[in-house]
Amino acid sequence: MDILLNPEQTAARLPWAPLVDEIEALLTDASVSVPPRTVLPMAAGAFLFAMPGCDARTAMTKLITFTPANMGTGRPTIQGDVTVFDVASGERPLILDGPTVTARRTAAVTALAARWLAPDLNGPMLIVGAGVQGQAHIEVFAAALGVTQFRIASRRRASAEALAEHARGLGLQAEVVDDADAALADCPLAATCTPASEVVLRAAPRADAFIAAVGAFTPQMVEIDAELCRRIAAQGRIVVDSRDAGHEAGDLLQAGLDVDAMPALADIVRAQQTARAEGGPVLFKSCGWAGWDLAAARLAVQARAGR
């Protein structure tokens, strides 16, 4: 059996709803060990990421590059692999496609956060950014949470139209909007999935809003306006994906907020505590964590074993 999986084979091992459930299960697994990831800046704004993690049975390391200069060239911005090991034997049963794992686990984490935190899961959902993450978020919110209506905003209308057509091909309702801020008033769900080179959301949120900020993963990157971050902190709740966000969440750091004092998604899941009863808008800040890749590796190994 081949151990090196292409993007299609990798995606087949990571179906949306089971992936969301596996990420949730990982957060309550005491055997999970995930050290801080290594991020090596390279020339022209590129980065090299080394992200290991393990539990009692499975170990993995994701090694990928992020190359912003590839945007619009036909070359992917994320390239690399996730190498999976069996802890007991030390054998390497799988090598997964890194960009596919990154896209699917990132969107699945957002869906898990929405499951726990979103006051209104009925939609419509606003997607800002029509790239890989925009598509992944539409797919997971439809497959795992039953959202059927989407609004799509992008700097490139052609990309937004193509993503809307993809969504319609899945049997969903999707339309392109020119003004993301204006659309936010009609959407209780939103996700910003951009390269995080500029602010893309500024408008005051709905009282029942769930906004996931996905694009920024360095202190210099930003998608959400600083005043909007501060407003949600004062009127609602901000939750981060992991403790690593304390030095990576550009949106929140640039707003002058104390990120280390904010709850992480694991805190919510372990305490079995939703934010719905507290009222007010919710901002979920996602920066990325190797634990999410470990969850994907665990699910892929289960699929290989036929379970």
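Preceding this section is the structure that the text describes.
A. Fine view of the overall build of the protein chain. Along its length, the protein chain carries 10 helices and 14 strands. Taken over the C-alpha trace, the protein chain has a radius of gyration of 18 Å; the compact-globule value for 307 residues is 19 Å, and the two agree within 12%. Judged by the C-alpha coordinates and their principal axes, the protein chain covers about 55 × 40 × 40 Å. Looking at the protein chain as a whole, 53% of its 307 residues qualify as buried. Counting only contacts in the protein chain whose residues sit at least 6 apart along the sequence, the fraction spanning at least 24 positions is 67%. In the form shown here, the protein chain has an accessible surface area of approximately 12,500 Å², with 51% of it arising from carbon and sulfur atoms. One way to put it: in the protein chain the 26 positive side-chain charges average out to a point 2 Å from where the 34 negative ones average out.

B. Summary view of the sheet that holds strand β8 (residues 173–176). With parallel pairing, the 7 strands of this open sheet are ordered in space as β8-β7-β6-β9-β11-β14-β13. The open sheet has two edge strands, β8 and β13 (237–240), and neither has a second partner. Shown here is a sheet whose adjacent strand axes are inclined to one another by a mean of 15°, direction ignored. Relative to strand β11 (residues 210–213), strand β9 (residues 189–192) is paired through 4 bridges, and the arrangement is parallel. Note that in β11 the partner of Ala 190 across the bridge is Ile 211. Against the sheet, helix α7 (residues 226–235) engages β11, β13 and β14 (282–285), with an angle of about 110° to β13.

C. Main features of the pairing of β9. Both faces of β9 are covered, namely the face carrying Leu 189 and Ala 191 and the face carrying Ala 190 and Thr 192. Relative to β9, strand β6 (residues 125–128) is paired through 4 bridges, and the arrangement is parallel. Bridge pairing links Met 125 to Leu 189 in β9.

D. Spotlight on the environment of Ala 300. Secondary-structure assignment places Ala 300 in helix α10 (residues 290–305). C-alpha of Ala 300 to C-alpha of Leu 96: the two residues are 204 residues apart in sequence and 8.5 Å apart in space. Non-local contacts of Ala 300, meaning those with residues more than four positions away in its chain, are made with Arg 13, Leu 14, Leu 94 and Leu 96.

E. A look at the packing of helix α2 (residues 16–26) against helix α4 (residues 132–145). The interhelical angle for the contact between α2 and α4, taken along N-to-C directions, is 90°, at an axis separation of 8 Å. With respect to α4, the element α2 is oriented roughly perpendicular. Side by side, α2 and α4 meet where Trp 16, Ala 17 and Val 20 of the first sit next to Ala 136, Glu 139, Val 140, Ala 143 and Ala 144 of the second.

F. Quick look at the pattern of salt bridges. Within the structure shown, the criterion is met by 17 salt bridges. One salt bridge connects Glu 22 with Arg 298, and the closest N-O pair in it is separated by 2.9 Å. Taken as a pair, Glu 22 in helix α2 and Arg 298 in helix α10 lie far apart in primary sequence, 276 residues in all. In this pair, the class of Glu 22 matches that of Arg 298, namely buried.

G. Representation of the side chain of Asp 241. With respect to the helices and strands, Asp 241 occurs in the loop between β13 and α8 (250–254). Within polar-contact distance, the side chain of Asp 241 engages the backbone nitrogen of Cys 287 at 3.1 Å. In this structure the side chain of Asp 241 is engaged in a polar contact, spanning 3.4 Å, whose partner is the side chain of Trp 292. Here Asp 241 is in contact with Val 109, Ala 264, Leu 265, Phe 284, Lys 285, Ser 286, Cys 287, Gly 288, Trp 289 and Trp 292, once residues within four sequence places are set aside.

H. Focus on the pairing of β14. Neither face of β14 is left uncovered, since the one carrying Val 282 and Phe 284 and the one carrying Leu 283 and Lys 285 both have all their residues buried. Pairing geometry for β13 and β14, over 4 bridges, is parallel. Note that in β14 the partner of Arg 237 across the bridge is Val 282.

I. Up close: unusual backbone geometry. Here Gly 123 and Pro 124 are connected by a cis peptide whose omega angle stands at 5°. Mapped onto the fold, Pro 124 is located in the loop between α3 (98–117) and β6. Positive phi, normally seen in glycine, also occurs at Ala 44, with a value near 60°. By secondary structure assignment, the location of Ala 44 is in the loop between β1 (38–41) and β2 (47–54). On the basis of relative accessible area, Ala 44 is assigned to the exposed category, the value being 70%.

J. Molecular detail of the packing of aromatic side chains. Here the structure, examined in full by the defined rule, presents 5 aromatic pairs. Plain terms: the ring middles of Trp 289 and Trp 292 are 4.9 Å apart, the flat faces sit at 75° to each other, and that makes the pair edge-to-face. Just as Trp 289 is buried, Trp 292 falls in that class too. Ring-pair connections join several aromatic residues into one group, and the members of that group are Phe 47, Phe 49, Phe 66 and Phe 217. Above the face of the Trp 16 ring, Arg 104 is positioned so that its terminal group lies 3.9 Å from the ring centre.

Reading guide: rules and limits
- Residues numbered from 1 in each chain as written.
- Predicted model: local features only at pLDDT ≥ 70, side-chain atom pairs only at ≥ 80, totals over all residues.
- Heavy atoms only, no water.
- Helix = DSSP H or I, 4+ residues; strand = E, 2+ residues; numbered from the N terminus.
- Rg over C-alpha atoms; globule rule 2.2 N^0.38 Å.
- Buried < 20%, exposed > 50% of the residue type's maximum accessible area, 1.4 Å probe, protein only.
- Contact = heavy atoms within 4.5 Å.
- Areas by Shrake-Rupley, 256 points an atom, 1.4 Å probe, with all protein chains shown as cover.
- Lys, Arg positive; Asp, Glu negative; His and termini not counted.
- Charge placed at Lys NZ, Arg CZ, Asp CG, Glu CD.
- Pairing = 2+ DSSP bridges.
- Axes fitted to C-alpha atoms, helices over the stretch in contact; angles between N-to-C directions.
- Parallel < 35°, antiparallel > 145°, perpendicular 65-115°, else oblique.
- Salt bridge = Lys/Arg side-chain N within 4 Å of Asp/Glu carboxyl O.
- Polar contact = N/O pair within 3.5 Å; in protein donor to acceptor, adjacent residues only side chain to side chain.
- Phe/Tyr/Trp six-rings, centres within 6.5 Å; stacked < 30°, edge-to-face > 60°.
- Lys NZ or Arg CZ within 6 Å of the ring centre and 35° of its normal.

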